[in-house]
Amino acid sequence: MKFYHTLTFLLFIFFNNYLQAQTGYPDISFGNGTGRVVTNLNTNRLCQTEHVMVQPDGKIIALGNIRNPPLASGIPDILIIRYNTNGKLDSTFAQNGFIDDDFENGSDGISCGLLMSDGKILVGGYATHNGSSDFLVMRLNADGSRDSTFGTNGVVLTDIQTATDQINSIHLLPDGKIIACGSVRYSFQTNNSYALVRYMPDGLLDSTFADNGIFTNIAEQTGQGLHSVVLPDGKIITMGPINQFSQLKVAAFRHHPDGSYDTGFGTNGRIITTLGSDTYNYIYAAKLQPDGKIVFTGTASETTVANHIIGRFNQDFQPDASFGTNGLAKIARASASDILVDLDFHTDGKINLTGCNYAGAKPLMMLYQLHPNGDRDSSFGINGQVLTDFGQNQQCGYAVAVVGDSLLVSAGTSEKNTKLSVILSRYVIKEPVVSNTRPAPDKMIKHAYISPNPVTSAAVLHFSLEKAQSLSIDLMDMQGRVVQQFKQHQLFDSGAHFVHLTFNADLPQGIMLLRIQTEDEISTIKVIR
């Protein structure tokens, strides 16, 4: 008997610690209690997401494009959507929460953006002007209206004198100037080159940068996958794919703050490297850590295996030996089509990534969380991975943003019956929701817990109510899907309650959330089965 009590106590300690440590589950205060939102602004138009930002007040801005079907031939327009913290469209932004804008009836889109300290919104992308695609920079006021003090009614178009120009990344300098980096293609080229443009705070070209504000590199054909970071000393590093001897490698270029090449970087300002493959190396996104190190996500294909590659390099673009193996962390891809295309940083140095998993019956949004040294964080989802199903035919993540120190937002695009929609999901990545026997003064549902926990076939839910309430009680999986309903809008009197729950025998094992919901309040308890 003594052994039994000791074992029970040890199991309680183990599972209690496990519950409190596990993160990556849906934030059910978002998206009507599911942690997920699907947005199609017009059932006949196709919406796609390229970037996501979270304001200091928690509101979410998704950037991308919207077009008429079919996808292959529809002409895209710019799309900017703002959501309230609960996932509903913010009616105070632009027209009913979104901007659907067109320039000269041509192809337009937003690919990147940033939030300014005064609340204004700066975005970059491409727009058709005089028959060709130009760099597009747009500045909006906090309410979504165009900032008339920037460019022409809030818009700046820059023609690099090429057929196809597009901004891929945009940066705000401490003096208010703007750096835009993107891909350009001349009519005689088969692959893209890259360009850097620096603007004054009012949108005019900065004549003190490169050649009257514009740097172009015709000789280096780096493809479309171009990204840039601005180092603490003002130098600029651009990164992109480059074909060399029938191999796709990664090229990095470093520029002085005036736009000229930094000849002390590699060979005449250029470094060409691989991510571990002799044939195919590609970077999808790169960002600068707070300590000035460069972190990127990409892929490397070898003869028999393809890996996700997350790298951390120093400012000289040499691998950081404290990360992964010689600066590179590898995650085996479950499918050759799997991708991790964006990343962001947690306040404790962890790295969050988003992309798409094609290994199952349909593509799912995929997230990973890594420790600061590049190891997978087993306290996040299942062995560092979370897959999310939005109930669509396919759903992929294309952008990710950490919110404060406790939440994570992933944005992407879904497809169902040929319709494309913007999708958002929000996850808890710190301080998970667990039962608390100390009542909060403003809560109607108090003292909620379940016993036993872990559960097998049955358990008892304990809680008390400050006043009579209509309650719904259901069980959700870690993707926010309801897997079993216990009570639906049943009236409970005030006082203490003990509800006997019988769990379906076919429920999967693992971590789930028991949700207790009133008209105004949601309380959750983590359950292990």
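Residues numbered from 1 in each chain as written. Predicted model: local features only at pLDDT ≥ 70, side-chain atom pairs only at ≥ 80, totals over all residues. Heavy atoms only, no water.

### A few points about the sheet that holds strand β34 (residues 495-502)
Phase 1: With respect to topology, 3 strands assemble into an open sheet ordered β30-β31-β34, the strand pairing being antiparallel. At either margin of the open sheet sits one strand with a lone partner, and together these are β30 (445-451) and β34. Here the strands of the sheet are splayed against their neighbours by 15° on average, with no regard to which way each runs.
Phase 2: Here β30 runs beside strand β31 (residues 458-465); their pairing, made up of 5 bridges, is antiparallel. Note on β31: the bridge partner recorded for Tyr 449 is His 462. (Pairing = 2+ DSSP bridges. Helix = DSSP H or I, 4+ residues; strand = E, 2+ residues; numbered from the N terminus. Axes fitted to C-alpha atoms, helices over the stretch in contact; angles between N-to-C directions.)

### Regarding the packing of aromatic side chains
Phase 1: Summed over the entire model, instances satisfying the criterion amount to 10 aromatic pairs.
Phase 2: Summarising the aromatic geometry, the rings of Tyr 194 and Phe 253 are spaced 5.1 Å apart at their centres and angled 35° between planes, so their arrangement reads as tilted. Taken together, the residues Tyr 194 in strand β13 (residues 193-199) and Phe 253 in strand β17 (residues 247-255) connect sequence positions 59 residues apart. As far as burial versus exposure is concerned, Tyr 194 and Phe 253 are alike and both buried.
Phase 3: Between Phe 463 and Phe 492, the aromatic rings sit 5.7 Å apart at their centres with planes inclined by 70°, giving edge-to-face as the arrangement. Highlighted residues: Phe 463 in strand β31 and Phe 492 in strand β33 (residues 482-492), separated in sequence by 29 residues.
Phase 4: A relative accessible area of 3% places Phe 463 in the buried class. (Phe/Tyr/Trp six-rings, centres within 6.5 Å; stacked < 30°, edge-to-face > 60°. Buried < 20%, exposed > 50% of the residue type's maximum accessible area, 1.4 Å probe, protein only.)

### Quick look at the sheet that holds strand β3 (residues 46-54)
Phase 1: With antiparallel pairing, the 4 strands of this open sheet are ordered in space as β3-β4-β5-β6. At either margin of the open sheet sits one strand with a lone partner, and together these are β3 and β6 (98-101). Taking each pair of neighbouring strands and ignoring which way they run, the sheet shows an average axis angle of 20°.
Phase 2: Sheet analysis places strand β5 (residues 77-83) next to β6, joined by 4 bridges and oriented antiparallel.

### Quick look at the environment of Ser 193
Phase 1: Its location among the elements puts Ser 193 in strand β13.
Phase 2: The exposure class assigned to Ser 193 is buried, which follows from its relative accessible area of 0%.
Phase 3: A sequence separation of 264 residues divides Ser 193 from Ser 457, and the C-alpha atoms of the two residues are 62 Å apart.

### What to know about the pairing of strand β27 (residues 394-403)
Phase 1: The element β27 is extensively covered by neighbouring structure, given that 8 of its 10 residues are classed as buried.
Phase 2: Pairing of β27 with strand β28 (residues 407-416) involves 9 bridges; the strand directions are antiparallel. Considered in β28, the bridge of Cys 396 is made with Thr 413.
Phase 3: Adjacent in sequence and paired antiparallel, β27 and β28 are bridged by 3 residues, among which Gly 404 carries a positive phi angle near 60°.

### Section: the pattern of salt bridges
Two side chains carrying opposite charge are able to pair once their charged atoms lie near each other.
Phase 1: Using the criterion set out here, one finds 22 salt bridges in the structure.
Phase 2: For the salt bridge of Asp 100 with Arg 45, the shortest nitrogen-to-oxygen distance reads 2.6 Å. Residue Asp 100 is located in strand β6, and its partner Arg 45 is located in the loop between β2 (36-39) and β3; the two are separated by 55 residues in the primary sequence.
Phase 3: Accessibility expressed as a relative area gives 32% for Asp 100, which makes it partly exposed.
Phase 4: Across the pair Lys 287 and Asp 342 runs a salt bridge, and its minimum N-O distance is 3.9 Å. Placement of Lys 287 in strand β19 (residues 280-288) and of Asp 342 in strand β23 (residues 339-345) is noted, with a sequence separation of 55 residues between them.
Phase 5: Looking at Lys 287, the relative accessible area reads 22%, which means it is partly exposed. (Salt bridge = Lys/Arg side-chain N within 4 Å of Asp/Glu carboxyl O.)

### Quick look at the side chain of Asp 344
Phase 1: Tracing the backbone shows Asp 344 in strand β23.
Phase 2: Notably, Asp 344 is buried but unbridged: the nearest opposite-charge side chain belongs to Lys 287, and the N-O separation is 4.1 Å.
Phase 3: Engagement of the side chain of Asp 344 in a polar contact is seen with the backbone nitrogen of Val 402, the distance being 2.8 Å.
Phase 4: Contacts of Asp 344, omitting those with residues within four sequence positions, involve Lys 287, Lys 350, Ile 351, Asn 352, Val 400, Ala 401 and Val 402. (Lys, Arg positive; Asp, Glu negative; His and termini not counted. Polar contact = N/O pair within 3.5 Å; in protein donor to acceptor, adjacent residues only side chain to side chain. Contact = heavy atoms within 4.5 Å.)

### Observations concerning the state of the cysteines
Phase 1: Under the defined criterion, the tally for this structure stands at 1 disulfide.
Phase 2: A sulfur-sulfur separation of 2.0 Å characterises the disulfide bridge that pairs Cys 356 with Cys 396. One disulfide, between Cys 356 and Cys 396, carries an S-S torsion of -45° and so falls in the left-handed class. Placement of the pair is Cys 356 in strand β24 (residues 351-357) and Cys 396 in strand β27, with a sequence separation of 40 residues. By the burial criterion, Cys 356 is buried, and Cys 396 matches it.
Phase 3: Free of any disulfide, Cys 112 has its nearest neighbouring cysteine sulfur in Cys 181, separated by 9.3 Å.
Phase 4: Judged by relative accessible area, Cys 112 falls into the buried class, the value being 5%.
Phase 5: What makes Cys 181 buried here is its relative accessible area of 0%. (Disulfide = S-S within 2.5 Å.)

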